[in-house]
Structure formats: structure tokens, C-alpha cells
Number of protein chains: 2
Amino acid sequence: MSEKETLLDLLLASPQEFVSGEEISRRLSVSRTAVWKQINKLREAGYEFEAVPNKGYRIVNKPVRIDTLTLLKTLKTNIAGKKLKVLETTVSTQEEAKALAEAGAPEGTLVVAEEQTGGKGRLGRKWFSPKGKGIWMSLVLRPKQPLHYMPQLTLLTGVAVCRAVRRTTGVMAGLKWPNDLLVDGRKICGILLESAAEDEYVRYCIAGIGISANLDPDDYPDELKSVATSLKIEAGHPVDRVQLIAAAMEEFETLYRLYQQEGFAPIASLWEALSVTLGKRVTVGAASGPVTGQALKLDPHGALVILMEDGRELPVFSGDVELRR
Amino acid sequence: MSEKETLLDLLLASPQEFVSGEEISRRLSVSRTAVWKQINKLREAGYEFEAVPNKGYRIVNKPVRIDTLTLLKTLKTNIAGKKLKVLETTVSTQEEAKALAEAGAPEGTLVVAEEQTGGKGRLGRKWFSPKGKGIWMSLVLRPKQPLHYMPQLTLLTGVAVCRAVRRTTGVMAGLKWPNDLLVDGRKICGILLESAAEDEYVRYCIAGIGISANLDPDDYPDELKSVATSLKIEAGHPVDRVQLIAAAMEEFETLYRLYQQEGFAPIASLWEALSVTLGKRVTVGAASGPVTGQALKLDPHGALVILMEDGRELPVFSGDVELRR
């Protein structure tokens, strides 16, 4: 048993009571400075302590790790997440999953990390992914559909995560086209599907899902404070990340099977019901320049149909949507 | 000047006449065995000699290298091929171009190799790419269109290469859907567009083009003899690879610009005019199983429309086409 575990044992044995530094140093036969160093290490690992002069230390919060065995037991899926790689830290779960896919990893392989040091969003933007606070994960897919149907899979993934968030946490997130999750206009989850194809044959696709689960307001850098929120902030309490990951995999697998059997129509209906984009006045940065109009519906391919000011309907497949007030 | 060049100088000085091994060994001050070794080295490098007992050696054919400077001078394009990497040998120009694209290489960057040791075709199949005999090249593209339009770019690339082949060599190759080039049912060129995308944003696309330019019948392994042919075999003489590469880049750039300005309609017309698939009875291995019917036309998205036996029209985006007689 390591020194660190013994210190923890001591504090966990009496979670309500303070244990003085003196007592700790005596019982562990280490110096007071060594105790203080241990406490700091545990803080870095996600433990929270209350420290009161003349009383000592009391444990306030344990880090809740994403435990591989617990997650595997919680998953009710056949493939999604059943091949699982849980990492303490990684540059990017997306890059990790890509490497696994290139090496032949089967559909459903899931990479989860407690921390990403180089997490990425759309267009090479950084994705803020601090340790132990969020759900940073990437799912390997090998869809049988031609590349042409990727917009549908993008929308499907958004629906799956949105349903899992609502069901597990009660937070009524909505979908901003194509697949961001918002709560009252603030981003709570980003999804990015990266695909590698030969002509129309999709070699693999990686669904990257970043959920701001248990971030506190102070965790966000200044530039994100006004545009981002977390499930903990919205729900008023921390969320169980393992339950949420399992729910997301379950929703995904159910919808993916429905899609393979019934096509895109039922997915489109579900997306439209969860959308915060439809009916709004939006500006989309399309290749030909920005287009403004009313977001009307999805077309059968998965494009967002914009009703333009001249009355024409324009289906758009890509571009950032700006919701106008 | 190296020994090798001196031997070459000697033989090139009198291309019609035989030079005896004795004379060579005397003039180069090397042994007869050294002369024979030099000749073999030159043979490996692509030179062809006639060797007649008691007469000596005569040069019959020089290797025609793809020379970077000559190619750059021949290119009449603004971007396609203007960033150029010519390699003596590589595992795969496709992998080379991908690495360049990941590192930020601009649109139009072209990788050409005299030889590929691990050239690849569709679905991980090997692509036979012997040294100095073909055009093995990969072009980096960064199309502004969403991923949804990739089938159109696949067809465009086929049209460009087909037009370049016809114009430069007179060989009347035709397009098998989506973008193989055939002459009398035998494959003369394969094209493979690999794309890397984030949702609908195409990070880059690599157009891999393999043209069997100057292969002789004996160059082909047995399993390819009945299904493949070369421009040299069909034209009856070797083709100038530099001219053909330059023509392909020129045709590509012209069509790519036309496509950006006018959309897919003119590209579809050109493809249909060069097609050997339309009007034929075909079987397409679609995701839902094989579909047989008459290849009718392209639809506005670039799908091949199959008129099925029950009278329904089915647009297909992917699958191997088998032409039925």
C-alpha cells in the first residue's frame, strides 16, 4: 500500500471529522511537510479537502473516476462501447480512436479520457477538456452507407446524445444544427464526426463527443464563460458520468439500428423535435457566402432547408449557424 | 563523371553501332566483368541493350524519366501540379500526399513516383505500379464544397483523365462508373479519391491516379493479363508521360473551375458522353445486396441511376459495377 493510499484511508475513515496534521504525521511516521505535499497531490488528482487551522483536514469530495469495469457493467449495448479504452490523459481521444480505426478496430470501439491535453473541435479549434470534469470520448463507426449519407449520421449522433442527456440528468438540452447541444443558448456539448473515405466507401468514421459534465463556473477560461455551461451548473448537482456514457451508447445503438432498418425519416423527426434551430432566423456561412433566412426543416438528405427572404428554399449541408434574436 | 556515365557516353555516341566489350574495357580501363556489371546496372535502371556475340553492345532504348524541371515547364496550369514532388520510389503516392496534406500542403500539390512498392487501389487492393512504366500520382485537393458533393468530384476527375488520355495518345478510353478508364473492356487507369472530413467540412481530398502508360504485355502478372492493358499496347508505341501528366492537370484544372462556376450539370454531360457504362445491363453490389438493371443516367447529385426490372429507378452512390454482356 502506498503512502498516498494510507493518508487517504486515514481521512476516509472519518469523513465527517477533521484529522489534525500532527496526528497524520504521527500515524504515518512522516513529516508535516510530507503530509502537506500529499494533500496537494490528492487535490491535483481531484480530491477536495477542507483545511481549518488548529483542527486539521477533512475530506469534502472524492474524485469520481470513470472506472472501466463499472462502465462495462453499466453498458446495455451489443457493440457501442463494448470495446473500451479508458485513458487517464491523452492528447485527443479523436486521434487515439483514429489510430485504432486505422489499425482495424471494430465498429463500436470507444475511447474515453479523463483529460485531453490537445482536445479538438471543429476547424482545428481547441476543445477545453479539463481533468475529471467532463466526458471526452470518441466512438469508432464503420457505417455501411455510402459517404453521401454522412449528414444523416451527424444528425443521428446529436439526437442520441441529446436524448441521453435529458434522460440521465433532466437537463433539457436542445440541438443546434447540425449537432451541438445547447441549454438556454449556451453550449453544453460538442459533437464532431470525422470520416475517412475512398470514393463513396467510408473506411471509418469517428464520432467525437465532448460533454461538459461536472465543470464549475470557475473552471472555464474567460472567453468561454458567457457561451458555455455544464450539466452540473444546469442541474445543480454533479452528474454520474458513467451513467451518462452508458446512456449515450445505448441511445446511439438504438437509433443507429433504427436508421439502418427504416432509413432517415424517423431520425429526422426526432431531430426536429429536439431542435432549437428550426423556426429561428439564422445566418449560415455557406461556401458562396453568408445566407440569412428562416430555418425551415431538414430535407430527406439531412440538409437544413433555409427559407430565404426572396421566398426560395435553399438546402445547406455545412457552415456555422448563427441564431439571430 | 562517374564510370557509369562514361560507359553510357560511349554507347550513346554511336547509337546505331555495336561497341565491343573489349573496346569498352580498353577505353574505360576496366575489366570485361566490370563492363558486364555496368551493363546490368543500366538495364535495371531502365536502359535496353542489344548484345550480340563477337559484335558487342548496342543501346536500344533509353529510360524516359519523369523530370521535375521538364514537367514544371510543360504544365500550363495555375495550381494543379505547380507544387510538385517527383520520387524515384515510394510506398504509395497516396500516403505521401496524405502526409503532405496533413502538414498543410496547398491545393494542387502533386506527388509523382517512378515506382510504388505498396501502391493501393480500392478496398485495400494492391495496385501494380512497376518502375518507370506508368504514371503513379496523387493530387492534393481542398474543395470548398461540402462532403456531400464528393461523388461529383470523383466523376469530374475521371472525365479529366479520360480527356487527357484521348487528347495526348489518341487511345479512345471510356469511363466505367464511377471513374475507371477502360479500353475494350480492359482497365487502363484507376482513380481513387480519398477524403478526410469533419462533419461536412472536407479537410482535404487526395485524387490518386494510376495510368498504365508504357507497360508491355510481359510486365503484367498472370492475374492481370486478361483484365488490364496499357496505353503503349493500345497505341502501338510508348507514350510521353510528362505530356500526359501535364494534360491531365490541365484538364482537371479547367473542369474544376467550370464545376465551381457552373455546378455539376456540364460535368455530368461530359461524363455521360465518355461513359461505357450507360445503356448497359449492370449489376451493382449495393449495401442492401446486388442490384441488376440498366444503367440509365447520372442524377443531379452524381449517383448512377439504375432502371430496375420492375420499372423503378434506383440511384446508387457506391459499389462495384459489373458490366453484363
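All of these numbers come straight from a predicted model, not from anything done at the bench.

This part covers the interface of chain B and chain A. Taken together, the 31 residues of chain B in the interface contact 31 residues of chain A. Across the chain B/chain A interface, buried area totals approximately 2400 Å², and carbon plus sulfur atoms make up 52% of it. Our count for the contact surface shared by chain B and chain A stands at 7 residue pairs in polar contact (both at pLDDT 80 or more). Looking at the side of chain B that touches chain A, the elements with two or more residues in it are helix 6 (150–169), strand 8 (186–198) and strand 9 (201–211) of chain B. A per-element tally of the side of chain B that touches chain A places strand 8 of chain B first, with 8 residues. In terms of residue class, the side of chain B that touches chain A is made up of 14 nonpolar, 8 polar and 9 charged. Sheet topology places strand 8 (residues 186–198) of chain A next to strand 8 of chain B; 5 bridges connect them, and they run antiparallel. Note on strand 8 of chain B: the bridge partner recorded for A:Ala197 is B:Ser195.

Moving on: the domain arrangement of chain A. The domain architecture assigned to chain A consists of domain 1 (3–61), domain 2 (68–274) and domain 3 (281–323). For domain 1 of chain A and domain 2 of chain A, the distance between their C-alpha centroids amounts to 37 Å.

Residues and elements named next belong to chain A. Here the amide bond leading from Trp177 into Pro178 is cis, since omega sits at 0°, within 30 degrees of zero. For Asp199, which is not glycine, the phi torsion reads 45° and is therefore positive. Position of Asp199 relative to the elements: it lies in the loop between strand 8 and strand 9 (201–211).

Attention now moves to the packing of helix 6 of chain B against helix 9 (residues 241–262) of chain B. For any two helices packed against each other, the geometry is given by the interaxial angle and the distance between the axes. Residue and element names in this part refer to chain B. Direction vectors running N to C along helix 6 and helix 9 enclose 140°, while the axes themselves pass 8 Å from each other. Classified by the angle between their axes, helix 6 and helix 9 sit oblique to one another. Taken as a pair, helix 6 and helix 9 cross one another with a handedness that is right-handed. Of the residues in helix 9, those in contact with Gln152, Leu153, Leu156, Thr157, Val159, Ala160, Arg163, Ala164, Val165, Arg167 and Thr168 of helix 6 are Gln243, Leu244, Ala247, Ala248, Glu250, Glu251, Phe252, Leu255, Tyr256 and Tyr259. Per-class residue counts for the contact of helix 6 with helix 9 are 13 nonpolar, 4 polar and 4 charged.

Right, let's talk about the nonpolar core for a bit. Counting residues in each nonpolar core, the largest one holds 132 residues, and the members touching the most others are A:Met137, A:Leu181, A:Ile245, B:Met137 and B:Leu181. Discounting chain neighbours no more than four positions away, the residues touching B:Met137 are B:Thr93, B:Leu110, B:Val111, B:Val112, B:Ala207, B:Gly208, B:Ile209, B:Ile245, B:Ala248 and B:Met249. A:Leu8, A:Val19, A:Val35 and A:Phe49 belong to the second largest nonpolar core, which has 15 residues in total.

Take helix 5 (residues 93–102) of chain A next. All names here are of chain A. Listed in full, the buried residues belonging to helix 5 are Thr93, Gln94, Ala97, Lys98 and Ala101. Taken end-on, helix 5 shows its buried residues confined to a sector of 135°, consistent with a single buried face. With its phi angle positive at about 100°, Gly104 sits one or two positions after the end of helix 5.

For the rest of this paragraph, the subject is the pairing of strand 8 of chain B. Residues and elements named next belong to chain B. Of all the 13 residues making up strand 8, 11 are buried; the element is thus mostly covered by neighbouring parts of the structure. Looking at chain direction, strand 7 (residues 180–183) and strand 8 are connected through 3 bridges and run antiparallel. Bridge pairing links Val183 to Arg186 in strand 8. Linking two consecutive strands that pair antiparallel, namely strand 7 and strand 8, is a turn of 2 residues; a positive phi of about 50° is found at Asp184 within it.

Conventions used here
- Residues numbered from 1 in each chain as written.
- Chains lettered and ligands numbered in written order.
- Predicted model: local features only at pLDDT ≥ 70, side-chain atom pairs only at ≥ 80, totals over all residues.
- Heavy atoms only, no water.
- Contact = heavy atoms within 4.5 Å.
- Buried area = accessible area lost by both parts, 1.4 Å probe.
- Polar contact = N/O pair within 3.5 Å; in protein donor to acceptor, adjacent residues only side chain to side chain.
- Helix = DSSP H or I, 4+ residues; strand = E, 2+ residues; numbered from the N terminus.
- Nonpolar A, V, L, I, M, F, W, Y, C, P; charged D, E, K, R; others polar.
- Pairing = 2+ DSSP bridges.
- Domains from an automatic or database assignment.
- Axes fitted to C-alpha atoms, helices over the stretch in contact; angles between N-to-C directions.
- Parallel < 35°, antiparallel > 145°, perpendicular 65-115°, else oblique.
- Left-handed = near helix turned anticlockwise from the far one by under 90°.
- Core = buried A, V, L, I, M, F, W, Y, C linked by side-chain atoms within 4.5 Å.
- Buried < 20%, exposed > 50% of the residue type's maximum accessible area, 1.4 Å probe, protein only.
- Arc of directions from axis to C-beta.

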